[in-house]
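Here's the letter readout for the chains.
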Amino acid sequence: MADQPFLTDIKTIRERARQHIERGAVTEGYRADRENVINLLNEALATEIVCYLRYKRHYYMADGLSAHIAAEEFLEHAQQEQQHADWLAARIVQLGGAPNFSPEGIQTRAHAEYVEGDSLKEMIKEDLIAERIAIDSYREIVNYLGENDPTSRRIMEDILAQEEEHADDMAGLLEGLDRLNQSNA
Ligand SMILES: [Fe+2]
Ligand SMILES: [Fe+2]
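Residues numbered from 1 in each chain as written. Chains lettered and ligands numbered in written order. Predicted model: local features only at pLDDT ≥ 70, side-chain atom pairs only at ≥ 80, totals over all residues.

Section: the overall build of the chain
Within the chain, the secondary structure is distributed over 6 helices and 0 strands. Structurally, the chain occupies a C-alpha span of about 75 × 40 × 20 Å along its principal axes. Evaluated residue by residue, the chain yields a buried proportion of 29% over its 185 residues. (Helix = DSSP H or I, 4+ residues; strand = E, 2+ residues; numbered from the N terminus. Buried ≥ 20, exposed ≤ 12 C-beta atoms within 10 Å, placed from the backbone.)

Put into structure tokens, the structure is as follows:
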């Protein structure tokens, strides 16, 4: 491997860094398809917004049912989905793109769905399903990014890890609710 050095020589890196400085964080060495990455991150952004809205709706509805433990979980998740949306929007701008916050078509761009749910059980179930959709689609985005855009990949990995926690929380709530219903029967 002597003819293939591990690093590009520093002189080349220095010369390249001086070109196209208006591109900011996007350097010559950026290997991913930038447009494609921005589109994928915008789809993830739409997913986060839909999840934020759904959890907010569920928070207020569960609070009305005096289901305080579930309501607290919904609220915490809503706040975390909003944080995810912010991380994604900031990264899209770093890549020279524009975050799409337009309400028009947001449900089409999003992977997860906005389902209101008629009962507490339905709400939890729909949240769990939405998390499972996000988990699978985010994992695919992580794999797609691979070594070509490690920063976007890390952001998606951090979000993915939290969606897995969310799914686990919802599965726990659902189980607790089932046990409660059984003991009341
Ligand atoms: Fe999220
Ligand atoms: Fe989530």
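More follows now that the structure is in view.
Here we look at helix H5 (residues 120-145)
Helix length check: H5, at 26 residues, gives a terminal C-alpha distance of 37 Å against a target of 38 Å (1.5 Å per residue), a fit within 8%. Three or more residues of H5 are buried, namely Met123, Ile124, Asp127, Ala130, Glu131, Ala134, Tyr138, Ile141 and Leu145. In the core, the buried residues of H5 are packed alongside helix H2 (34-64), helix H3 (68-94) and helix H6 (150-184). Positive phi appears at Gly146, one or two residues downstream of H5, with a value of about 45°. (Expected span 1.5 Å × (residues − 1). Contact = placed C-beta atoms within 7 Å.)

Here we look at the nonpolar core
Most often, soluble globular proteins have nonpolar side chains that are buried together. If you look at the biggest cluster of nonpolar residues, it comprises 38 residues, and the most contacted ones within it are Leu41 and Leu45. Within the residue set of this core, elements represented by two or more residues are H2, H3, H5 and H6. It is H2 that provides the largest number of residues to this core, a total of 13 residues. (Core = buried A, V, L, I, M, F, W, Y, C linked by C-beta atoms within 7 Å.)

Quick notes on H3
In this model H3 runs 39 Å from its N-terminal to its C-terminal C-alpha over 27 residues, within 8% of the 39 Å that 1.5 Å per residue would give. When H3 is considered as a whole, its buried residues turn out to be Ala70, Ala71, Glu73, Phe74, His77, Glu81, His84, Ala85, Leu88, Ala89, Arg91 and Ile92. Backbone geometry just downstream of H3 places Gly96 in the positive-phi region, at approximately 85°.

Examining the environment of Ile155
Its place among the elements puts Ile155 in helix H6. Along the sequence, Ile155 and Ala134 sit 21 residues apart, while their C-alpha atoms lie 14 Å from each other.

Overview of the UniProt feature "domain: Ferritin-like diiron" (unreviewed entry) in the chain
The sites that carry the UniProt feature "domain: Ferritin-like diiron" (unreviewed entry) are, in the present numbering, residues 31-181. Overall, residues 31-181 shows 79% helix and 0% strand. The separation of its end C-alpha atoms is 54 Å. (UniProt positions renumbered as here; feature names shortened; annotations may be inferred.)

A closer look at the environment of Arg153
In this structure, Arg153 sits in helix H6. The class of Arg153 is buried, set by 20 C-beta atoms lying within 10 Å. Between the C-alpha atoms of Arg153 and Tyr138, which are 15 residues apart in sequence, the distance is 9.7 Å. Ignoring sequence-local partners within four residues, the contact set of Arg153 consists of Val142 and Leu145.

Observations concerning the environment of Arg16
With respect to the helices and strands, the residue Arg16 is situated in helix H1 (residues 10-17). Look at Arg16 and you get partly exposed, because 13 C-beta atoms sit within 10 Å. Residues Arg16 and Asp158 lie 142 residues apart in sequence; the distance between their C-alpha atoms is 31 Å.

Details of the packing of H2 against H5
Two elements in contact, H2 and H5, have axes separated by 11 Å at closest approach and are oriented at 165°. Judged by the inter-axis angle, H2 sits roughly antiparallel to H5. Every pair of crossing elements has a handedness; the one defined by H2 and H5 is left-handed. Where H2 abuts H5, its residues Val37, Leu40, Ala44, Thr47, Cys51, Arg54, Tyr55, His58, Met61 and Ala62 lie against Leu120, Met123, Asp127, Ala130, Ala134, Tyr138, Ile141 and Leu145. (Axes fitted to C-alpha atoms, helices over the stretch in contact; angles between N-to-C directions. Parallel < 35°, antiparallel > 145°, perpendicular 65-115°, else oblique. Left-handed = near helix turned anticlockwise from the far one by under 90°.)

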